[in-house]
Structures are given as structure tokens and as C-alpha cells.
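# A look at the structure
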Amino acid sequence: MRLRLIRFLGLGLLALALVSCGKGDVPAEPSAPGQAPADLLLLNGYVYTSDGHGTVAQAVAVNNGLISAVGTNEDVQSLQGTDTRVIDLQGRMLMPGLHDAHLHIFGIVEPDVCSINSQVMSLQDMVPYLQECIQRYALPPGEWLAVDMWNFSEGNQVTVELPSLRAALDAVSAEHPIILWGNDGHHGAVNSRALERAVDAQGNVVGLSAATLATTFTDIRDLVGVDDNGEPNGELNEHARNVLGAGPRRDPAVLGPLLPEIDQELARNGITSVQDASLVPAYLPFLQQFEQSGDMQFRIQVANRL
């Protein structure tokens with residue numbers, strides 16, 4: 001998921017949006033006499049204060065990462081010291097940081113993995129594309145090819161030679177189990193080698209077939225696409241994907257170290273606090289370590305996926 005919002009300037013606990021606007025002239029909370037010099041002054045702006053009265057100010061002073069004064073240029077310039085940084089907003093808008101109440105933060109960056117990137121692709125075009133992934137990542141026989149951001153809802157046109165997703169992925173490789181992770185987080189597709197790896201509740205490898213769908217896997221029967229003979233056609237959705245042992249779609253060991261990049265992406269978009277709506281607990285140590293580093297510029301609340 002890519003964020004397509006107005007670009008913002010992130011600053012400590014405040015994200016400041018910069019867009020074209022006229023200059024306001026209504027002061028709010030001017031500086032008090034005797035205040036310490038500010039670390040930063042932002043002048044000549046259209047400062048949207050969100051104070052409940054629609055108040056628009058002109059300037060803001062910041063000290064130790066917190067707003068220390070809001071008002072006119074004259075109000076805050078009294079807080080300018082020898083080491084104060086001054087930014088002239090030139091009439092642009094300044095607003096409080098945004099809170100995103102439903103975000104998956106580890107989905108806003110792109111790790112180095114095989115990805116279809118939501119491209120609309122026929123099954124015929126998909127075969128060489130995925131074969132190139134096997135070569136690029138030098139996958140030995142028997143190792144999973146996990147493909148991210150598969151566009152499940154567009155493309156995927158069949159041919160006489162490739163009448164199903166299973167047939168297409170079999171054409172990619174008969175040596176590698178393959179799984180396509182849908183770009184919606186709910187859909188999936190696999191090849192025959194992957195279907196062979198399905199395990200029952202006791203951990204026994206029994207495979208996913210018409211026979212096991214009628215016995216071992218009756219609980220996921222409605223989540224598995226089948227052909228006219230009742231055999232899986234490669235479509236595998238929701239938690240039915242878990243029986244194959246393909247591992248997580250988003251690997252914490254790969255994505256955890258990308259938190260500095262995630263932090264910058266949030267800051268560029270003015271997002272200063274988030275609720276991750278479904279986070280695997282394995283990510284929590286990475287978040288804790290990043291927070292302890294002192295570099296984290298956002299606050300986070302987590303809905304743990306248990």
C-alpha cells in the first residue's frame with residue numbers, strides 16, 4: 001500500500017503540512033514574557049490550530065520538540081535566540097500532525113522480494129515473469145517462491161495451454177512450491193508442488209486434493225477453488241493458505257530492519273501517530289528496539305494479531 005497524500009514536513013511530535021494558502025492574521029496563545037529561547041521559529045504561515053474555534057495564526061515557536069508559542073510573527077520573534085533556527089513559510093499552511101487509525105505500517109515500504117506490484121497480467125505473461133524471479137533470487141529446487149502483490153481481481157486470463165492458476169504456476173516451475181499473495185491480503189494462488197505440502201492438524205503431510213478436501217480439510221473447503229473434478233485449481237484464500245507451510249507473507253526478519261524507512265515515509269506524509277490494525281507480535285521487538293534508539297518520530301498503538 002502506497003500513501004498518496006500531500007507531502008508534509010515532520011518535526012518531532014508535530015508534523016507540519018506545507019501547501020499553498022493565504023496568510024492568516026488571527027493570533028492564538030502568544031508567547032509569555034521570560035520564556036526560554038526557542039529552538040525553531042516558523043514565520044509568515046497560515047497556521048491552522050485545530051483549537052475548536054477555527055483560529056488561524058501566523059507563526060509558531062518550538063522548544064525541545066514541543067510547541068511553546070503560537071501567534072503573530074511579533075509574538076514569537078521575542079523567543080528568537082542566537083541558536084534559533086528560523087523558517088519562513090512564505091504563506092504556506094501549517095497544521096497539526098495526522099493520526100491514521102487503520103494502517104499496516106510494514107506494508108508501506110517495498111522489501112527486496114519477488115512482487116507483481118499489482119500489475120494486470122495474463123497467465124501467459126505471468127509465467128516468464130515469475131521464472132525470472134527464480135533466476136534473480138537464485139532459488140534452489142524445493143525452496144518456496146513467494147510472490148507479493150498479486151492482482152487477483154484483474155488480468156489472469158486463461159488460455160488453452162494454461163486453463164487455471166494452478167496450471168500456470170506449474171508451468172513456472174515443477175521444482176519450486178509457489179504461492180501468490182493477493183494484493184488485498186485475502187486471496188492467494190499456488191501450484192501443484194505447494195498443494196503437495198499441505199499438513200493436517202497433527203503435522204502430517206497429506207496434501208491438498210479432492211480426497212483430503214472431503215475428509216481432512218472440510219473446514220477450509222469453501223476457501224479452496226476447485227475444477228470440475230473437485231481438484232484444487234490453484235485458488236487458495238484466507239487461512240486456507242496456512243496449511244501449506246509457506247511462512248508469513250510479511251517476514252518480520254526482513255521488514256523489521258526497514259523501520260527507519262517506514263518512519264521517514266510516515267513523516268513525509270505528516271502522519272505522527274498510527275494504529276496498526278493487525279500486527280503479528282513478532283514485530284514488537286523491532287518496534288521496541290527502534291523506539292529505544294531515539295529515532296522514532298511516530299507514536300503507535302497496536303492491534304495484535306493472535
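Everything here concerns the structure above.
Anyway, here's the lowdown on the structure attached to this text.

Reading guide: rules and limits
- Residues numbered from 1 in each chain as written.
- Predicted model: local features only at pLDDT ≥ 70, side-chain atom pairs only at ≥ 80, totals over all residues.
- Heavy atoms only, no water.
- Helix = DSSP H or I, 4+ residues; strand = E, 2+ residues; numbered from the N terminus.
- Buried < 20%, exposed > 50% of the residue type's maximum accessible area, 1.4 Å probe, protein only.
- Contact = heavy atoms within 4.5 Å.
- Areas by Shrake-Rupley, 256 points an atom, 1.4 Å probe, with all protein chains shown as cover.
- Disulfide = S-S within 2.5 Å.
- Pairing = 2+ DSSP bridges.
- Axes fitted to C-alpha atoms, helices over the stretch in contact; angles between N-to-C directions.
- Salt bridge = Lys/Arg side-chain N within 4 Å of Asp/Glu carboxyl O.
- Polar contact = N/O pair within 3.5 Å; in protein donor to acceptor, adjacent residues only side chain to side chain.
- Core = buried A, V, L, I, M, F, W, Y, C linked by side-chain atoms within 4.5 Å.
- Lys, Arg positive; Asp, Glu negative; His and termini not counted.

### What to know about the overall build of the protein
Looking only at helices and strands, the protein features eight helices and 17 strands. Split into buried and exposed, the 306 residues of the protein put 42% on the buried side. Restricting to contacts in the protein with at least 6 residues of sequence separation, those with at least 24 account for 68%. Here the protein has roughly 15700 Å² of accessible surface; of this, 50% comes from carbon and sulfur atoms.

### Focus: the state of the cysteines
For the structure shown, the criterion picks out one disulfide. Covalently, Cys114 is tied to Cys133 through a disulfide, its sulfur atoms 2.1 Å apart. Between Cys114 and Cys133, the S-S torsion sits near 80 degrees, and that sign places the bridge as right-handed. Placement of Cys114 in the loop between β10 (98-103) and α2 (123-136) and of Cys133 in helix α2 is noted, with a sequence separation of 19 residues between them. We note that Cys114, like Cys133, is buried.

### Quick word on the sheet that holds strand β8 (residues 85-88)
Spatial strand order, β7-β6-β3-β8: four strands in an open sheet with mixed pairing. At either margin of the open sheet sits one strand with a lone partner, and together these are β7 (66-71) and β8. The mean angle between the axes of side-by-side strands here comes to 15 degrees, regardless of whether they run parallel or antiparallel.

### With respect to the pattern of salt bridges
Applying the stated criterion across every chain yields a total of five salt bridges. Arg249 is the partner of Asp148 in a salt bridge, and the nearest nitrogen-oxygen pair spans 2.7 Å. Here Asp148 is found in strand β11 (residues 145-150), whereas its partner Arg249 is found in the loop between β15 (232-236) and α6 (252-255), with 101 residues between them in sequence. Judged by its relative accessible area of 7%, Asp148 is buried. Overlapping salt bridges bring together Asp148, Arg249 and Arg250 as one network.

### Quick look at the side chain of Asn156
Here Asn156 is to be found in the loop between β11 and α3 (165-172). A polar side-chain atom of Asn156 sits 3.1 Å from the main-chain carbonyl oxygen of Glu154. If we skip the residues at most four places from it in the chain, Asn156 touches Met121, Ser122, Leu123, Met126, Trp150, Asn151 and Leu165.

### Section: the pairing of strand β3 (residues 40-43)
Side chains Leu40 and Leu42 project from β3 onto one buried face, and the interleaved Leu41 and Leu43 project onto a second face that is buried too. For β3 and strand β6 (residues 59-63), the ladder comprises three bridges, and the chain directions are antiparallel. By the bridge assignment, Leu42 is partnered in β6 with Val60. Alignment of β3 against β8, held across four bridges, turns out to be parallel. Paired with Leu40 across the strands is Arg85, a residue of β8.

### Some remarks on the environment of Ala168
In this structure, Ala168 sits in helix α3. Put simply, Ala168 and Asn156 are 12 residues apart on the chain and 9.5 Å apart in space, counted from C-alpha to C-alpha. Excluding its chain neighbours within four sequence positions, the residues that come into contact with Ala168 are Leu123, Val127 and Leu162.

### Thoughts on the nonpolar core
Grouped together as the largest cluster of nonpolar side chains are 21 residues, with contacts concentrated most on Met126, Leu130, Leu145, Leu169 and Leu180. For this core, the secondary-structure elements that each account for two or more residues are α2, β11, α3 and β12 (178-182). Sorting elements by how many residues they give to this core places α2 first, with six residues. Non-local contacts of Leu130, meaning those with residues more than four positions away in its chain, are made with Cys114, Ile116, Leu145, Val147, Leu169, Val172 and Leu180. Listed in part, the 18 residues of the second largest apolar core include Phe106, Ile108, Leu255 and Leu266.

### Let's talk about the sheet that holds strand β16 (residues 271-279)
Sheet strands pair by backbone hydrogen bonding; their relative direction is either parallel or antiparallel. Across the sheet, which stays open at both edges, the three strands sit in the order β10-β16-β17 with parallel pairing between neighbours. The strands lining the two open edges of the sheet, one partner per strand, are β10 and β17 (299-304). Sheet twist, expressed as the mean angle between neighbouring strand axes with direction ignored, is 10 degrees. Summarising the sheet, β16 and β17 pair through five bridges and their orientation is parallel. Each bridged residue has a counterpart across the sheet, and for Ser273 the counterpart in β17 is Arg299.

### Observations regarding the side chain of Asp276
For Asp276, the position within the fold is in strand β16. Although buried, Asp276 forms no salt bridge, and the nearest oppositely charged side chain, Arg305, lies 8.8 Å from it. Once residues lying within four places of it in the same chain are set aside, the contact partners of Asp276 are Leu103, His104, Ile105, Ile300, Gln301, Val302 and Ala303.

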